[in-house]
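# Fold and contact review
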Amino acid sequence: MISFLSGTVHRIAADHLVVLTYGVGRKVHVTPDTLAGTRHGAEIELVTSLVVREDSMTLYGFTTEDENHTFDVLLSISGIGPRLAMAILSVMGPDELAAAITNQNADALTRVPGIGKKGASRIILELENKLPKITASVPGPTLSFGGGNQQVVDALVGLGWKEPQAEEVVAEVVRETGAEADTSVVLKAALKVLGAKR
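The present account deals with the structure reproduced in this document. (Residues numbered from 1 in each chain as written. Predicted model: local features only at pLDDT ≥ 70, side-chain atom pairs only at ≥ 80, totals over all residues. Heavy atoms only, no water.)

### Quick word on helix α2 (residues 65–75)
For α2, every residue scored as buried is listed here: Asp-66, Glu-67, Asn-68, Thr-70, Phe-71, Val-73 and Leu-74. Looking at the buried side of α2, the elements it contacts are β4 (43–53), β5 (56–62), α3 (82–91), α4 (94–102) and α6 (117–127). (Buried < 20%, exposed > 50% of the residue type's maximum accessible area, 1.4 Å probe, protein only. Helix = DSSP H or I, 4+ residues; strand = E, 2+ residues; numbered from the N terminus. Contact = heavy atoms within 4.5 Å.)

Right, dumping it as structure tokens:
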């Protein structure tokens, strides 16, 4: 089981990184926030979960223990696979998810592509007893930010939004925040706008 990965960012794609460790490139699926928070050639440390299926072994990486634990808890819910769990963590962090569960706020969960009212209510019900396990926040590695608007668009498309819609919202956010805005700021603002339009 691979539970931690440290190395150099060799490649950045729409939904994953290739991290070079001792001459071996490992493909790690990460959230858009993590993608926006690194650059080619940067050193990175990720807490990881290895998901094993009959026909695949897929590595998922997170910048904090809290995110990783929340991912594992989400996978314990029937009907939630790794892709949907990553989408949830891309739209809301562990603390925001914990708050949504505590406040029975199904609307917050429906901002995630692929989750409707019924699914949100079921997730809240199933996470109620597991909530104490995901409320504590553990600091993770500090990342330097870089990238561009196209990287944000690619990340949003990877989460399930159509490219024209993603491009329109990113352009709108850039106009409001300024062309020099940090990529992570643009990404979070775009997710907020898209969530409100659902």
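Next comes the rest of the description.
### A word on the packing of aromatic side chains
Two aromatic rings are characterised by how far apart their centres lie and by the angle between their planes. Taken as a whole and judged by the stated rule, the model has 2 aromatic pairs. Arranged with centres 5.1 Å apart and planes meeting at 35 degrees, the rings of Tyr-60 and Phe-71 form a pair that is tilted. Remark: Phe-71 occurs in helix α2 and Tyr-60 occurs in strand β5; sequence separation between them is 11 residues. The burial state of Tyr-60 is the same as that of Phe-71; both residues are buried. Clustering of aromatic rings is evident, with ring pairs tying together Tyr-60, Phe-62 and Phe-71. (Phe/Tyr/Trp six-rings, centres within 6.5 Å; stacked < 30°, edge-to-face > 60°.)

### Some words on the pattern of salt bridges
Using the criterion set out here, one finds 3 salt bridges in the structure. One salt bridge in this structure joins Lys-117 and Asp-107, with 2.4 Å as the shortest N-O distance. Of the two residues, Lys-117 sits in helix α6 while Asp-107 sits in helix α5 (residues 106–109), which places them 10 residues apart along the sequence. Assessed through its relative accessible area of 52%, Lys-117 is described here as exposed. The partly exposed category is assigned to Asp-107, whose relative accessible area is 44%. (Salt bridge = Lys/Arg side-chain N within 4 Å of Asp/Glu carboxyl O.)

### Quick word on the pairing of β5
Regular strands have side chains that alternate between both faces of the sheet. The buried fraction of β5 amounts to 5 of the 7 residues, a majority that puts the element mostly inside the structure. Sheet topology places β4 next to β5; 7 bridges connect them, and they run antiparallel. In the strand pairing of β5, Leu-50 is matched with Leu-59. Joining the antiparallel neighbours β4 and β5 is a turn of 2 residues. (Pairing = 2+ DSSP bridges.)

### Examining the packing of α2 against α4
For any two helices packed against each other, one specifies the crossing angle of their axes together with the interaxial distance. Interhelical geometry of α2 versus α4 gives an angle of 45 degrees and a closest axis separation of 9 Å. What the angle tells us is that α2 and α4 run oblique. The segment α2 lies against α4, with Asp-66, Glu-67, Thr-70 and Leu-74 engaging Pro-94, Asp-95 and Leu-97. In the contact of α2 with α4, the residues fall into 3 nonpolar, 1 polar and 3 charged. (Axes fitted to C-alpha atoms, helices over the stretch in contact; angles between N-to-C directions. Parallel < 35°, antiparallel > 145°, perpendicular 65-115°, else oblique. Nonpolar A, V, L, I, M, F, W, Y, C, P; charged D, E, K, R; others polar.)

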